[in-house]
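# Observations on chain architecture
The lines below spell out each chain.
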Amino acid sequence: MFSGLRMEQRRYKARRARGYFFRCVVAVLLSSLASAQIRYSISEEVNEGTVVGDIAKDLGLDKTTLKERKYRIVSSNADHLFRVNQNDGVLYVSRKIDREEVCAMTSTCSMNLKTVLEDPLEVHYVVVEVLDINDHSPSFPDKAKTLDISESVLPGVRIPLQDARDPDGGLFSVQHYKLSSNDHFRLEVKDMGEDGKIPILIIKKAMDRESAGSHSLVLSALDGGKPAKSGEMDILINVLDINDNAPVFSQDIYSVMLDENAPIGTTVIQVNATDLDEGQNGDVVYSFSGIVNQRLLKLFDINPSTGEIIVKGLINYEDRDKYEIEIQASDKGLTPLATQKSVIIKIVDLNDNAPEIDVTSFSSFIPEDSRPGTTVALISVNDLDSGLNGKLICSIKEEVPFTLSASLQDEMYALVTKSLLDREKHSQYIITVCAKDAGQPSLSSEKTISVRVSDVNDNSPEFSFSPYTFYITEANSPGALVFSLKAFDHDEKENALISYHILRDGSENNKVTSFLNINSENGNVFALKSFDFETLKTFQFQVVATDSGTPSLSSNVTVHVFILDQNDNAPVILYPLSSNGSAEGVEEIPRNVNAGHLVTKVRAYDADIGYNGWLLFSLQEVTDHSLFGLDRYTGQIRTLRSFTETDEAEHKLVILVKDNGNVSLSATATVIVKVVEPKEAFAASDVKKATSDEEDNNVTFYLMITLGSVSTLFLISIIVLIAMQCSKSTEYTSKYLQETNYDGTLCHSIQYRSGEKRYMLVGPRMSVGSTIVPGSHANTLMLPDRRQPGEPKGPSGDWRYSASLRAGGVMQSSVHMEESSVMQGAQGVLVQNWPTASSAADAEGGEVSPPMGAGVDSNSWHFRYGPGGPGAPPQHLKPGDVPPEAFIIPGSPAIISIRQNQGGEDDKSDFITFGKKEEAKKKKKKKKEKKDKKDKGKDDGDE
């Protein structure tokens, strides 16, 4: 089987050899049949469609058969670069041809094309040579090249560089190199034949890294084209450092200002040193020099890395104002290099010390009579700071009579008085001395000094009141305390110790002081006897208060004493009075008298005043109550009816006269009324008439003397008034009322003020002299306050009525006022307020009634103001605006008239009258006017 296989292999090889031979023969035959070759050349980078050559024409082929014979390019590695046109046999470029891409690394670039025609078969070879153009620039493999060269390298050292490549060939390849201009390097080119030209960098000058740490060069490669193209490569040469430079400080002198008391850790200054070397050779380390004092090392420290000098301890300007520190900067090279420098630190003084105040000499007491400029204390001030921080200004904070006086010695002051002192106003002064420096912000200190003002006897005793007014009830106990005086002295101690004594000059007016005694220590006054109001109503004396100073000072005060009445006197019957002194009388009256006949009038007197002297009459015993009546106020006994035949002929009347004191006292009078026949009554009256005629003759004589005296006084008064009127200015200031003399009798009055004038309506039992003044105050009665300053007012504890009012007189006048009328009592006496006559609804005007129990019937006793004539409507008046035509002075039941018309004629309407009859006329006339008005109204209605 193996041998058969071998035979088969032999036969296959024989067949193969025969086939190869056959093919060779055919090829020879074909080549002999059609064989031709042409050459064309084109430049690279021509455009697509560029004609390379006319193959048909150059080979002599029939262009009309090319298409039929399928003329084409076959078996070529460049068939995609060219194409042949079957219509005309022209060879075209099918795309752009890059010679460096097609024929890389060859000097000649030829493209072999094989074209074929069929029927008969023809093969033609076309060689196209692509011609090179300078379309590429030289280029280096790296765009940048970095070289590290030590600064210690010597000149002449050669450093090969990488050569440049250019795809173009021939003259268009790299022809030479060029190096940018510099001081340290030059370029040398070595030709390596087919391997090209190699550039070599040669050091021509030694380098210094501190001057230039690196060098930048540009290596250029140029081809042989025209114009030539070039390529560049950047060369960066880093100069490697060696430790050849010591650190250098940035300043020749370091000087800084540092505030004292700077907090620990505060940066004082940052020094800076630089080393031109790099790496550890250029790393700088800071430290204090070895010669620095150890005390400075406790105050300051330095950062080794940053060079900051910081505060380590307390900095005080007062300890030292400047520091100089030696510092050192060194590098970290194998052989370190170092440099030293001094740092001057100047301490800035801050205002951190408050002024100090010291009182070196001091007087705690100073007399109040010290002269201005008296030294009280010496004061020294000090401030440890300097400059403005130590400049001090001293002052006193309070407004006190002291000041600071600068002395010739610096920072010394004297505290002196600047005005007179008065211990009574200020006995002690708390003086605050303030010392303030001129720093920003300023600091200050205060020192408190207490100065006491010692007393000098410069104040006289002063009484609590001046003058004193006291009211003493009569029948006081002898030896008892009646009142007390008090004086005080603004001084102190002995200067304020006061003793009292009564000033006795032996004068007639001062005899009563012999019955007074005063306690010299407390001013209590004792009466040595009992006073009687009916004997002594008022007196005055002086008390002297003397202090115990040296010399002593004294002052006196006037004491006014008023004796107050007590109900210690019983009524005294004046009529009837028998010959033996008993209060008994016999009255005879005719039997035929009518009712209301005045039988007699019981008259009585009480030495007391006010309510104590206000008497009331009553029938204590009577035989027939229906026959006789007694007026309780006047004491008049009248018949109540006519006598009858059955009435007794003699009647006994016992009249009780009683005052109105708190404990009333009384007296009785007995009146025997005998009823006689008319003839007997006439005979008795003749006897009485004869007796009375003798008495009347004497009375007439005395009356004539009295009338003459009064007329003379009246004429003198008229002359004086005329003289006063002529001497007065246009602003009338005369006396309108005479001052009343105090006799223990109180008065009815309504008073009010308008500006500086005091108006008063005067009631009974007050002796006044009035002046009707024409002019701006026409017919207005005014009472100015003419009391001397300090003169006491008389007491007005209650009311007293005259005998005419007790007899049953009824007052009626006109008043219409809009304010309260006040009866002001004396010190310690009850004050009675009258009701105010406000705006009355009654068309007659307002009414004012006296206090209840004043002894006047409140139903018939009125004050009323109208315009003047009876029945006219009242005026509404303001205080101080009382019209003259409406003013009446009530005093007695007699008619009092004031003329209203100053012009001439008298008119009844110009007068205002007063009394019982006139009151009846007024009422009658008023009713008549009302009736007339009513009738007139009816008549108008009827019309």
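Quick caveat: nothing in here was measured; it's all calculated off a predicted structure.

Within the protein chain, the regular secondary structure consists of seven helices and 55 strands. Scored against the burial criterion, the 943 residues of the protein chain give a buried share of 38%. Restricting the contact set of the protein chain to residue pairs at least 6 apart, pairs at least 24 apart contribute 65%. Total accessible area on the protein chain stands at roughly 53,500 Å², and carbon and sulfur atoms take up 52% of it.

We now examine the packing of aromatic side chains. One pass over the full model with this rule turns up 16 aromatic pairs. When the centroid spacing of 5.3 Å and the interplanar angle of 75° are considered together, the rings of Phe402 and Tyr429 count as edge-to-face. Taken as a pair, Phe402 in strand S28 (residues 402-406) and Tyr429 in strand S30 (residues 428-437) lie far apart in primary sequence, 27 residues in all. The class of Tyr429 is buried, set by a relative accessible area of 8%. Their ring planes at 25° and their centres at 6.2 Å tell us that Phe539 and Phe541 sit as a pair that is stacked. Classification of Phe539 as buried rests on a relative accessible area of 8%. Put simply, the rings of Phe463, Phe465, Tyr468, Phe470, Phe483, Tyr500, Phe531, Phe539 and Phe541 touch in pairs and so form one group of aromatic residues. We note Lys529 situated over the ring of Phe515; from NZ or CZ to the ring centre the distance is 4.5 Å.

A surface patch of positive charge is lined by Arg295, Arg320, Lys322 and Lys346. Tracing the backbone through its elements, the reader meets Arg295 in helix H4 (residues 294-299). A relative accessible area of 44% places Arg295 in the partly exposed class.

This brings us to unusual backbone geometry. At the junction of Gln440 and Pro441, the peptide bond is cis and its omega measures out at -5° in the coordinates. Mapped onto the fold, Pro441 is located in the loop between S30 and strand S31 (444-454). Omega for the bond connecting Ser466 with Pro467 falls within 30 degrees of zero, at -5°, which places this linkage in the cis form. Relative to the assigned elements, Pro467 resides in the loop between strand S32 (462-463) and strand S33 (468-473). Here Lys70, not a glycine, exhibits a phi torsion of approximately 55°, which is positive. Residue placement: Lys70 occurs in the loop between helix H2 (55-59) and strand S3 (72-74). Of note, Ala475 is a non-glycine position whose phi angle comes to about 65°, a positive value. Judged by its relative accessible area of 56%, Ala475 falls in the exposed class.

Summary statistics for the protein chain give a mean pLDDT of 75 and a share of 71% for residues scoring 70 or more. Confidence drops under a pLDDT of 50 for residues 19-34, and excluding neighbours within four residues, the segment shows four contacts in the predicted structure. This model gives residues 729-917 a pLDDT under 50, and the stretch forms 372 contacts once residues within four places in sequence are excluded.

By secondary structure assignment, the location of Ala144 is in strand S8 (residues 144-150). Measuring from C-alpha to C-alpha, the distance between Ala144 and Val218 comes to 9.0 Å, with 74 residues separating the pair along the chain. If we skip the residues at most four places from it in the chain, Ala144 touches Met233 and Asp234.

Conventions adopted
Residues numbered from 1 in each chain as written. Predicted model: local features only at pLDDT ≥ 70, side-chain atom pairs only at ≥ 80, totals over all residues. Heavy atoms only, no water. Helix = DSSP H or I, 4+ residues; strand = E, 2+ residues; numbered from the N terminus. Buried < 20%, exposed > 50% of the residue type's maximum accessible area, 1.4 Å probe, protein only. Contact = heavy atoms within 4.5 Å. Areas by Shrake-Rupley, 256 points an atom, 1.4 Å probe, with all protein chains shown as cover. Phe/Tyr/Trp six-rings, centres within 6.5 Å; stacked < 30°, edge-to-face > 60°. Lys NZ or Arg CZ within 6 Å of the ring centre and 35° of its normal. Patch = residues over 30% accessible without salt bridge, like charges linked within 9 Å, V, L, I, M, F, W, Y side chains within 5 Å. Salt bridge = Lys/Arg side-chain N within 4 Å of Asp/Glu carboxyl O. Lys, Arg positive; Asp, Glu negative; His and termini not counted. Charge placed at Lys NZ, Arg CZ, Asp CG, Glu CD. pLDDT = per-residue confidence, 0-100.

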